[in-house]
Amino acid sequence: MPATPAWPPQSTPRLFVAAPLTAGLRSIDGPQAHYLAGVMRIKPGDPIKLFDGESGEWLAVAREVGRKSLVVELTAQLRETEAVPDLWLCAAPLKKGRIDWLAEKACELGVARLVPVITARTIVDRLNAERLYAHMVEAAEQCGRTVVPELAEPVKLAALLRDWGDRQLFFADETGGAPAASAMAARTGPAAILIGPEGGFTPDERDAIRAVPRSVGIGLGPRILRADTAAAAAVTLWMANAGDWGP
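Let me sum up the structure you'll find in this document. (Residues numbered from 1 in each chain as written. Predicted model: local features only at pLDDT ≥ 70, side-chain atom pairs only at ≥ 80, totals over all residues. Heavy atoms only, no water.)

**Concerning the overall build of the protein chain**
Rules: Runs of E in the DSSP output that reach at least two residues are strands. Runs of H or I that reach at least four are helices, and both are numbered from the N terminus. Partly exposed residues are those whose accessible area sits between 20% and 50% of the maximum for their type, while under 20% is buried and over 50% is exposed, using a 1.4 Å probe and protein chains only. For this analysis, residues touch if any pair of their heavy atoms sits within 4.5 Å. Computed with the Shrake-Rupley method and a 1.4 Å probe, the accessible areas treat only the protein chains shown as cover for residues. When charges are counted, Lys and Arg contribute as positive and Asp and Glu as negative, whereas His and the chain ends are disregarded. To locate a charge, the coordinates of NZ of Lys, CZ of Arg, CG of Asp or CD of Glu are taken.
Along the protein chain, the regular secondary structure elements total seven helices and 13 strands. Relative to its full complement of 247 residues, the protein chain shows a buried share of 45%. Of the contacts made within the protein chain by residues no fewer than 6 positions apart, 73% connect residues no fewer than 24 positions apart. Carbon and sulfur atoms provide 53% of the accessible area of the protein chain, an area that totals close to 12900 Å². Placing the 27 positive and 29 negative side-chain charges of the protein chain at their respective mean positions leaves the two points 4 Å apart.

**Observations concerning the pattern of salt bridges**
What counts, and what does not: Salt bridge, as applied in this entry: a Lys or Arg side-chain nitrogen positioned within 4 Å of an Asp or Glu carboxyl oxygen.
Enumeration according to the criterion identifies 13 salt bridges in this entry. For Asp-86, the salt bridge goes to Arg-167, with nearest N and O atoms at 2.9 Å. With Asp-86 in the loop between strand E5 (69-79) and strand E6 (87-91) and Arg-167 in the loop between helix H4 (157-162) and strand E10 (168-172), the pair connects residues that are 81 residues apart, well separated along the chain. Residue Asp-173 is joined to Arg-206 by a salt bridge in which the shortest nitrogen-to-oxygen separation is 3.3 Å. Here Asp-173 is found in the loop between E10 and strand E11 (178-179), whereas its partner Arg-206 is found in helix H6 (residues 203-210), with 33 residues between them in sequence. Among the residues examined, Asp-173 registers a relative accessible area of 5% and is labelled buried.

**Brief notes about the sheet that holds E5**
Threshold: DSSP calls a pair of strands paired once it identifies at least 2 bridges connecting them. Every angle, taken between N-to-C directions, lies between 0 and 180 degrees, and every axis is a line fitted to C-alpha atoms, over only the stretch in contact when it is a helix.
Here five strands make up an open sheet; going across it, the order is E1-E3-E4-E5-E2 and the pairing mixed. Two strands in the sheet have a free side with no partner beyond their single neighbour: strand E1 (14-16) and strand E2 (24-29). Between one strand and the next, the sheet's axes are offset by a mean angle of 40 degrees, whatever the strand orientation. Sheet topology note: the strand E4 (residues 57-65)/E5 ladder contains eight bridges and is antiparallel. In the sheet register, Ala-62 faces E5, and the bridge partner there is Val-72. Helix-sheet contacts for helix H3 (residues 129-143) involve E1 and strand E3 (47-51), and the interaxial angle to E1 is about 145 degrees.

**Comments concerning H6**
What counts, and what does not: Summarising the geometry, the arc corresponds to the directions from the helix axis toward the C-beta atoms.
The complete set of buried residues in H6 reads Glu-205, Arg-206 and Ile-209. All buried residues of H6 project into a common sector of 100 degrees when viewed along the axis, lining one side. Exposed and oriented more than 90 degrees from the buried face of H6 are Pro-203 and Asp-204. Its buried side turned inward, H6 meets H4, E10, strand E12 (191-195) and strand E13 (215-219).

**Some remarks on the nonpolar core**
What counts is decided by this rule: Joining through side-chain atoms within 4.5 Å is the link that ties buried Ala, Val, Leu, Ile, Met, Phe, Trp, Tyr and Cys residues into a set, and such a set is a nonpolar core.
Among the nonpolar cores identified, the biggest contains 38 residues, and Leu-89, Ile-193 and Ile-195 are the most heavily contacted of them. Residue assignment for this core shows that the elements contributing at least two residues are E6, helix H2 (98-109), H3, E10, helix H5 (180-185), E12, E13 and helix H7 (227-242). In terms of residues, this core owes the most to one element, H7, which gives eight residues. If we skip the residues at most four places from it in the chain, Leu-89 touches Leu-102, Ala-106, Val-111, Arg-113, Leu-114, Val-115, Ile-193, Ile-195, Ala-231 and Val-235. Counting residues in each nonpolar core, the second largest holds 16 residues, with Leu-15, Leu-21, Ala-33 and Ile-48 among its members.

**What about the packing of H2 against H7?**
Formally: What sets the label is the angle itself: under 35 degrees gives roughly parallel, over 145 gives roughly antiparallel, 65 to 115 gives roughly perpendicular, and the rest give oblique. Here the nonpolar group is Ala, Val, Leu, Ile, Met, Phe, Trp, Tyr, Cys and Pro; Asp, Glu, Lys and Arg are the charged ones; every other residue, Gly included, is treated as polar.
Axis separation between H2 and H7 bottoms out at 9 Å; the angle between their running directions is 10 degrees. With respect to each other, H2 and H7 are oriented roughly parallel. Taken together, the residues of H7 that come into contact with H2 (itself represented by Arg-98, Trp-101, Leu-102 and Leu-109) are Asp-228, Thr-229, Ala-231, Ala-232, Val-235, Thr-236 and Met-239. For the contact of H2 with H7, the class distribution of residues is seven nonpolar, two polar and two charged.

**Re the packing of H2 against H3**
Rule in force here: Whether a crossing is left-handed or right-handed is set by the direction in which the near helix is turned from the far one by less than a right angle, anticlockwise for left-handed and clockwise for right-handed.
Put simply, H2 and H3 touch, their axes get as near as 8 Å, and they point 40 degrees apart. Accordingly, the angle class assigned to the pair H2 and H3 is oblique. Two packed elements cross with a definite hand, and for H2 against H3 that hand is right-handed. Two secondary-structure elements touch here, H2 through Ile-99, Asp-100, Ala-103, Glu-104, Cys-107 and Glu-108 and H3 through Arg-131, Leu-132, His-135, Met-136, Ala-139, Ala-140 and Cys-143.

Encoded structure:
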């Protein structure tokens, strides 16, 4: 007896929509409609997976397919919204391409919030937030997340530190710090990882960060890492210890 094919298929298109999802009919238009109809060649009766960041993942079935809009019917909730580990990634903006990669990996690795931090040596003075958020949305669509990380407004380092609360702060200290894995294992609860720009933190900035009561400098091994690589490495270590990767 032949096996029953999985439904919906693994190849089913998956999209984020910025509006609450509930069972029933809804319209999709704009670039998403073009993607579904023009690129994915969706036809009436084909399945689509949708998520909104709040109500999990839903199965939708295309009912009407036009050149500029689609009508789909949400028929079942496939998954509840994921539990998101309470980790922020605070990182100095990087050059285009590098910052896009960082945003994608932050989403894929499971961070809750991405905070662009302006430091003395930050070389990027303008950040395209719309493009950056779009990269996180695309990453969430491709890697199966049901939540897109929050993208905070850029903030100067001094302001970030001045308003810091009880959240644990791990900062990548290029002058030396506690081994990241052991430092993170010894400190649990809500946390943030702070990564500086290509040129690193200035001595004054480093002193200001260390003055935060719950801050700890961490080292990321014997090799010099690019800022985006350091961010991914630090997030990976935290997730393996206190995030949703553990047993």
